[in-house]
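# Secondary and tertiary structure notes
So you can see what is in the structure, the chains are spelled out below.
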Amino acid sequence: PSIRKFFAGGVCRTTVQVPGKVVVITGANTGIGKETARELARRGARVYIACRDVLKGESAASEIRADTKNSQVLVRKLDLSDTRSIRAFAEGFLAEEKQLHILINNAGVMMFSHSKTTDGFEINLGVNHLGHFLLTYLLLERLKESAPARVVNLSSVIHHLGKIHFHNFRGEEPYRWGFAYCHSKLANLLFTRELAKRIQGTGVTTYAVHPGIVRSELARHSFLCCLFWRLFSYFLKSVQEGAQTSLHCALAEGLEPLSGKYFRGTYIRNLAKVAFLYLRASFPVTARGPGCLQGPEITKQLSACGMSAVSF
Ligand SMILES: NC(=O)c1ccc[n+]([C@@H]2O[C@H](COP(=O)([O-])OP(=O)(O)OC[C@H]3O[C@@H](n4cnc5c(N)ncnc54)[C@H](OP(=O)(O)O)[C@@H]3O)[C@@H](O)[C@H]2O)c1
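The paragraphs below set out a description of the structure included in this document. Model, not experiment: these values are computed from the prediction.

## Quick look at the nonpolar core
Formed by 41 residues in total, the largest nonpolar core has its most connected members in Ile25, Leu40, Ile49, Ile104, Leu258 and Phe263. Leave out the neighbours within four places in its chain, and Ile25 touches Gly33, Thr36, Ala37, Leu40, Val47, Tyr48, Ile49, Ala50, Ile104 and Asn106.

This is the structure we're talking about:
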C-alpha cells in the first residue's frame with residue numbers, strides 16, 4: 001500500500017460543497033471525467049456530461065445519479081472533432097442554463113494514426129485543444145456572468161515533448177510517431193496561460209492539470225500503449241485518483257492567484273522528471289515562463305494535498 005501511495009500523487013482535500021453550482025465536463029462518460037463528475041454531483045452540483053456518444057453518457061449519468069442520489073446529472077451531445085457539434089452544444093446550453101460556474105475541458109484522444117477532424121484538423125490537436133478552445137470561447141461570457149467561475153484544462157506531463165507547429169495544424173505533414181498527442185497537450189498549457197491573462201479581473205480563473213498516469217481508456221487506440229498500461233497497471237493511478245487534481249482546481253478555495261498555472265501531483269512529478277530527463281534534453285521545450293510565485297498559504301495548502309503549481 002505504501003508503494004501505491006507513493007504513485008498516487010495529489011489528493012483533493014477540500015470539503016467545499018457546491019449545491020446549485022452548474023458544471024460542464026467534456027468526455028465525462030468514462031475515465032477521469034466520469035469520476036470528476038461523480039464527485040461534483042456528490043457535492044451537490046448540477047453536472048452536464050458533454051459527450052459524443054449520448055448512450056454511453058446516459059449509462060454513466062444513471063450510475064452517478066444512483067450513486068450520489070443527485071438527480072441533476074444531465075447528458076448533452078458534444079463531439080469535439082466537429083465545430084458544428086460544438087456550436088450546437090453551446091447554443092443549446094446557453095438557451096437552457098443561465099449560469100456556468102465550472103467548465104472542465106477533460107475529453108481527450110491519444111491517436112497515433114494520421115487522421116483528421118471533420119473540419120480537417122489533425123485529430124489530437126483538433127479534439128484536445130482546438131475543440132476545447134472553441135467551446136471555452138463560446139461559453140466564456142456565461143462564465144463571466146456567473147463569476148466566480150473556473151475553467152480547468154486537462155493537459156499532461158507529456159507536454160514536455162510537445163511543440164507548436166503553426167504551419168501544420170491541418171496535419172499536412174504527418175508528425176513523427178506519437179508526437180501529435182504531446183503537441184496537443186502543450187497547446188492545452190499555453191491556452192491556459194494565455195486565457196488567464198485575457199480574463200484577468202473578470203472573476204473567472206483557469207488552471208491546467210496533469211492528472212498523473214491513469215488506468216483509463218485513453219490508451220485504447222494503440223496496441224503498444226495498451227500493453228504498457230497493462231504491464232504497469234499496478235503503478236498507474238486509478239481513475240478516482242486521477243480525478244483528484246481536476247477536483248482540486250475546480251473546488252479548492254484560494255486558488256485564484258494561481259490562475260494560468262499548471263498543477264500536478266508532486267510524487268508523480270518527481271518520478272516523471274527522471275523518466276523524461278533524457279528526452280527533454282533531446283526535445284527542448286519551446287515555451288517556458290518565469291518561476292511561479294506562490295503565497296505561503298497556497299504553498300502550504302498545495303503541499304498538504306501532495307500537489308504543486310508551476311509556471312511553464
Ligand atoms: N490517462 C492518463 O494517463 C492521462 C495522463 C495525462 C493526461 N490525461 C488527460 O486526461 C483527460 C481524460 O482522459 P482519460 O484518461 O480519462 O481518457 P478516457 O478514459 O479515454 O476518456 C476520454 C474521454 O474523452 C472523450 N472523447 C474523445 N474524443 C472525443 C470527442 N471527439 N468529442 C467528445 N468527447 C471525446 C471520450 O469519449 P468516448 O468514450 O466516446 O471515446 C471519453 O469520454 C484527457 O484530456 C487526457 O489527455 C490522461
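Having seen the structure, we can now continue with the description.
## Considering the packing of helix 2 (residues 31–42) against helix 9 (residues 244–251)
A pair of packed helices can be characterised by two numbers: the angle between their axes and the separation between those axes. The N-to-C vectors of helix 2 and helix 9 enclose an angle of 40°; their axes lie 9 Å apart at closest approach. Accordingly, the angle class assigned to the pair helix 2 and helix 9 is oblique. Considering the relative orientation of helix 2 and helix 9, their crossing is right-handed. Contact residues: helix 2 offers Thr36, Glu39 and Leu40, while helix 9 offers Ser246, Leu247 and Leu251.

## Overview of the pattern of salt bridges
On inspection of all chains with the given rule, the structure shows 17 salt bridges. For Glu63, the salt bridge goes to Lys34, with nearest N and O atoms at 3.0 Å. Placement of the pair is Glu63 in helix 3 (residues 54–68) and Lys34 in helix 2, with a sequence separation of 29 residues. Judged by its relative accessible area of 33%, Glu63 is partly exposed. Of the residues examined, Lys34 reaches a relative accessible area of 16% and is grouped as buried.

## So, the side chain of Glu35
Among the structural elements, Glu35 can be located in helix 2. Glu35 sits in the buried class, given a relative accessible area of 10%. Of note is the side chain of Glu35, whose polar atom sits 2.9 Å from the side chain of Arg38. Apart from residues lying up to four places away in sequence, Glu35 is in contact with Val239, Gln240 and Ala243.

## Some points on the sheet that holds strand 2 (residues 46–51)
Strand order in the open sheet formed by eight strands is 3-2-1-4-5-6-7-8, and the pairing between neighbours is mixed. Looking at which strands have only one partner, the edges of the open sheet turn out to be strand 3 (73–77) and strand 8 (307–310). If you compare each strand with its neighbour and ignore which way they point, the axes differ by 20° on average.

## Topic: the pairing of strand 2
Counting buried positions along strand 2 yields five of six residues, so the element is predominantly enclosed. Crossover connection from strand 1 (residues 22–26) via helix 2 to parallel strand 2: handedness right-handed. Here strand 2 pairs with strand 3 via five bridges, running parallel. For Val47, the partnering residue across the bridge sits in strand 3 and is Val73.

## A word on the pairing of strand 7 (residues 262–265)
Burial along strand 7 is two-sided: the residues Tyr262 and Arg264 and Phe263 and Gly265 are all buried. Examined bridge by bridge, strand 7 and strand 8 share four bridges and lie antiparallel to one another. Across the sheet, the residue bridging to Gly265 is Met307, located in strand 8.

## Some details on the site of the ligand
The full set close to the ligand counts 31 residues, and Asn29, Arg52, Tyr181, Val214 and Ser216 are the nearest of them. One nitrogen or oxygen atom from the main chain of Ile32 is found 2.9 Å from an oxygen atom belonging to the ligand. Ser216 is positioned with one of its side-chain polar atoms (N or O) 2.5 Å from an oxygen atom of the ligand. Breaking the shell around the ligand down by element, the ones donating at least two residues are helix 2 and helix 6 (179–198). When the residues that make up the shell around the ligand are grouped by side-chain class, the tally is 13 nonpolar, 12 polar and six charged.

## Comments concerning the layout of surface pockets
Looking at the second largest pocket, its volume works out to about 390 Å³. Along the walls of the second largest pocket sit 18 residues, with Phe133, Leu190, Phe191, Glu194 and Leu195 positioned nearest its centre. Considered class by class, the residues forming the lining of the second largest pocket number 12 nonpolar, two polar and four charged.

Thresholds, definitions, all that
Just so you know, the residues in each chain are numbered from 1, in the order the chain's sequence is written. Totals for whole chains, interfaces and linings use all residues, but because this is a predicted model, local features are given only for residues with pLDDT of at least 70 and pairs of side-chain atoms are given and counted only at 80 or more. Processing note: side-chain calculations cover all non-hydrogen atoms of the structure and skip hydrogens and water entirely. Here the nonpolar core consists of buried residues drawn from Ala, Val, Leu, Ile, Met, Phe, Trp, Tyr and Cys, with membership extended through side-chain atoms lying within 4.5 Å. Burial status follows relative accessibility: with a 1.4 Å probe on protein chains alone, a residue under 20% of its type maximum counts as buried, one over 50% as exposed, and anything between as partly exposed. Residue contacts are counted whenever heavy atoms from the two residues lie within 4.5 Å of one another. Orientation is described by lines fitted to C-alpha atoms, with helices fitted over the stretch in contact, and by angles between N-to-C directions that extend from 0 to 180 degrees. Helix and strand definitions follow DSSP, with helices as H or I runs of at least four residues and strands as E runs of at least two, each counted in order from the N terminus. To sort the angles, those under 35 degrees are grouped as roughly parallel, those over 145 as roughly antiparallel, those from 65 to 115 as roughly perpendicular, and the leftovers as oblique. Left-handed describes a crossing whose near helix is turned anticlockwise from the far helix by less than a right angle; the clockwise case is right-handed. By salt bridge we mean one thing: a side-chain nitrogen of Lys or Arg within 4 Å of a carboxyl oxygen of Asp or Glu. For the purposes of these results, a polar contact is taken to be a pair of N or O atoms within 3.5 Å, where, inside protein, one atom must be able to donate a hydrogen and its partner to accept one; residues adjacent in sequence count only when each atom of the pair is a side-chain atom. For two strands to count as paired, DSSP must find a minimum of two bridges between them. By definition, the crossover connecting two strands over a helix is right-handed if that path, from the first strand to the second, turns clockwise as seen with the strands pointing away from the viewer. The near set for a molecule or strand comprises every residue that places at least one heavy atom within 4 Å of it. Gly is put with the polar residues, along with every residue not named as nonpolar or charged; the nonpolar set is Ala, Val, Leu, Ile, Met, Phe, Trp, Tyr, Cys and Pro, and the charged set is Asp, Glu, Lys and Arg. Here a cavity means grid points, on a 1 Å grid over the protein atoms only, where a 1.4 Å probe fits yet cannot get out; a pocket means an open set of points with protein on both sides within 12 Å along at least five of seven lines; lining residues are those with an atom within 4 Å of a point. Grid points are joined across faces, edges and corners, and a volume is the space filled by probe spheres set on the points.

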